[in-house]
Amino acid sequence: MIRDIFRKNQKKKYATIPTEKAKNDVPEGIMMKCPECRKNVFTKDLMKNLKVCPTCDHHMKMTAHERVEIFLDENTFESMDDHLETVNPLNFPSYTEKIKSDAKKTGLNEAVLTGTGQLERQRVVVAIMDSHFRMGSMGSVVGEKITRAIEKATELQVPFIIFTASGGARMQEGVLSLMQMAKTSVALRRHSDHGLLYISILTHPTTGGVSASFASVGDINIAEPKALIGFAGRRVIEQTVREKLPEDFQTAEFLMDHGQLDAVIHRKDMREKVATLVQMHMSKEVSTW
Amino acid sequence: MVKTLPFEEPVVQLKAKIEELKEYTVNAEVDMTAEIKNLEKRLHRLEQEIYENMEPWDRVQVARHPGRPTTRDYIQLLFTDFIELHGDRLYGDDAAIIGGIALFEGKPITIIGHQRGIDTKENIKRNFGMPHPEGYRKALRLMKQAEKFNRPVICFIDTKGAYPGKAAEERGQSEAIARNLVEMAGLKVPVISVVIGEGGSGGALALGVANHIHMLENSTYSVISPEGAASILWKDASLAKQAAEAMKITAPDLKKMNIIDGVIREVYGGAHRDSEAQATYMKDVLINSLRELSKLSAEELINDRYNKFKNIGEFTE
């Protein structure tokens, strides 16, 4: 009927529903969409804000190189062990190709970047995990690079600082991955026995074998706000215990309430706070008053 | 307006009168300078008389004054660059004990202390400064950290006691306190404890196995609260005042008994009247203690603690 055309509040027969893909579609280059509040931000502004959403304060993922840029003194970083190469010990199908493609994408040889540098003119050794590389998972090369970095810190008698970001052990390397947890730990023990400082900074996400090894045993454990930190995944736990978990479960704040973290520190304050902590640990003797 | 305690009522009244007169002088253009001067002299005498002859019960009241400076106040007034560290890495983060690293005179130091709230909301969060086992385990973790990095430890004691609750028992309140006593005995770095308010029993001692123990003049340290003692001994909590006298819980009494090393004088009327001045008094004492203790080796520090506590106790044989 003609009248129907003019009727108010008529229900649409058809609607355009954007696909999941379209919803998540981030405009290339100039704008970026915050994965948390879905507001668009100029990429330039976002970088100035250390990849923290200006609207909702969400701490977005950073690449290892970006982290070096904002954390260490300018031009002091010297990377180590970039020559190590991942092999395919269990002959997992297409593992080598995946590694190659992630290496190309990130410019890293593996999911962690290690090296020496200066923090407010104090020498430190850092390891920075990058979740853009195989979800930051730990295989033989990641374990070896971190271990060598710890040994370097012991040799130089300087603090060791790690930024963790990892889904856990790398499945494709099986038990070799599991043993990297122990390997990094024996190196940390030796570093600690020299009375040296180890600061672990947990960023989003730090789970599984990484949270169950070096990430959790810093002399000081720090996390970025809202970072997901846990051993088992949320879905696994929900299915095991058959109950709904609280909203803030496994967030940095949840972990601090439960005694696992010394502090949750905003990205903009991280450099200064950690530098102060390092400063406080420079002398090995009891000061005289 | 600071809450007035019963024993200082005459001082407060006289002060009010002087203020009144002063105001009157300004408004009425009558010269009363002489009278005011006289009254001020009298006030000074009265203050001396009252504040220098405080009864134990008066001191208990001051120690419990809601405005009395807390651990956090002293941290702010005495140290710089304080970074609070949380959690026992086992179960939780107990807000009834705070701790962290800071600089004292530019040198790193670990600070741990009981923390009560300043209002009801904060008191609920901090459980009125009564710790659970996780609080003591956090304290121990920070002491061990201090030991690893050769930092002296300063503890501020200010608690009615360890929390007597179901959850606390389940998680081993006794073990947590006991562990601290044993572990503190073996720390290789200087440990200084200062009782700044109430030192309630085992919950206080768990931060108190120190090389030097100081008490603010109007703080208390005892095996049980006066009320608790009165109800156990005489089945009547209202006899707390008598219990406070009988139990010897004030700083001067404990100094006489050689339980503590020093009494830190307080500003007239109690630390809450001027927390900044109070912090200065404390600062000198802490520096002196650190000067003395930083000369000792790890072994000497441990022996010093051993001898100190070995010698406490009275008996005949």
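Okay, so let's go over this structure. (Residues numbered from 1 in each chain as written. Chains lettered and ligands numbered in written order. Predicted model: local features only at pLDDT ≥ 70, side-chain atom pairs only at ≥ 80, totals over all residues. Heavy atoms only, no water.)

On a plain count of helices and strands, chain A comes out with 11 helices and 10 strands. Taken across its 289 residues, chain A has 48% of its residues classed as buried. Across chain A, contacts joining residues at least 24 apart in sequence account for 69% of those joining residues at least 6 apart. Carbon and sulfur atoms provide 54% of the accessible area of chain A, an area that totals close to 15,900 Å². (Helix = DSSP H or I, 4+ residues; strand = E, 2+ residues; numbered from the N terminus. Buried < 20%, exposed > 50% of the residue type's maximum accessible area, 1.4 Å probe, protein only. Contact = heavy atoms within 4.5 Å. Areas by Shrake-Rupley, 256 points an atom, 1.4 Å probe, with all protein chains shown as cover.)

So, on to the side chain of histidine 266 of chain A. Along the chain, the position of histidine 266 of chain A falls in the loop between β10 (263–264) and α11 (267–280). Not counting residues within four places of it along the chain, the set of residues in contact with histidine 266 of chain A comprises Val52, Asp57, His59 and Pro225 of chain A.

Residue and element names in this part refer to chain B. The residue phenylalanine 156 is located in strand β4 (residues 153–159) in this model. Along the sequence, phenylalanine 156 and proline 10 sit 146 residues apart, while their C-alpha atoms lie 32 Å from each other. Not counting chain neighbours up to four residues away, the residues in contact with phenylalanine 156 comprise Thr71, Tyr74, Leu78, Phe79, Ile111, Ile112, Gly113, His114, Val194, Ile196, Leu207 and Met282.

Take the pairing of strand β6 (residues 160–166) of chain A next. All names here are of chain A. By the criterion of burial, β6 is predominantly enclosed, with 7 of the 7 residues buried. Read from strand β5 (residues 122–129) through helix α6 (residues 140–156) to β6, the crossover connection turns out right-handed. Pairing analysis gives 6 bridges linking β6 to strand β7 (residues 198–207), with the strands arranged parallel. Residue pairing for β7: threonine 164 is matched across the bridge by leucine 202. (Right-handed = clockwise from strand over helix to strand, strands pointing away. Pairing = 2+ DSSP bridges.)

What follows is about a positive patch on the surface. Residue and element names in this part refer to chain B. Residues Lys17, Lys37, Lys41, Arg42 and Arg45 make up a contiguous surface patch of positive charge. It is helix α2 (residues 33–51) that provides the largest number of residues to the positive patch, a total of 4 residues. Position of lysine 41 relative to the elements: it lies in helix α2. (Patch = residues over 30% accessible without salt bridge, like charges linked within 9 Å, V, L, I, M, F, W, Y side chains within 5 Å. Salt bridge = Lys/Arg side-chain N within 4 Å of Asp/Glu carboxyl O. Lys, Arg positive; Asp, Glu negative; His and termini not counted. Charge placed at Lys NZ, Arg CZ, Asp CG, Glu CD.)

What follows covers the interface of chain A and chain B. Facing 29 residues of chain A, the contacting portion of chain B comprises 32 residues. Here chain A and chain B share an interface that buries about 2,500 Å² over both sides, 59% of which is from carbon and sulfur atoms. For the chain A face of the interface with chain B, the top three residues by lost area are Asp262, Met280 and Trp289 of chain A, together amounting to 36%. For arginine 89 of chain B, the salt bridge is made with aspartate 262 of chain A, and the minimal N-O distance between the two is 2.6 Å. Here chain A is connected to chain B by 12 residue pairs in polar contact (both at pLDDT 80 or more). (Buried area = accessible area lost by both parts, 1.4 Å probe. Polar contact = N/O pair within 3.5 Å; in protein donor to acceptor, adjacent residues only side chain to side chain.)

Next up on the list: the pattern of salt bridges. Scanning the entire structure with this criterion turns up 40 salt bridges over all chains. We note a salt bridge from aspartate 158 of chain B to arginine 116 of chain B, for which the minimum N-O separation is 3.0 Å. Of this pair, aspartate 158 of chain B sits in strand β4 while arginine 116 of chain B sits in the loop between β3 (107–114) and α5 (120–125), and the two are 42 residues apart along the sequence. The pair formed by aspartate 158 of chain B and arginine 116 of chain B is uniform in burial state, with each residue classed as buried. A cluster of three or more residues bridged by salt bridges with shared partners is formed by Asp81, Glu144, Arg148 and Lys183 of chain A.

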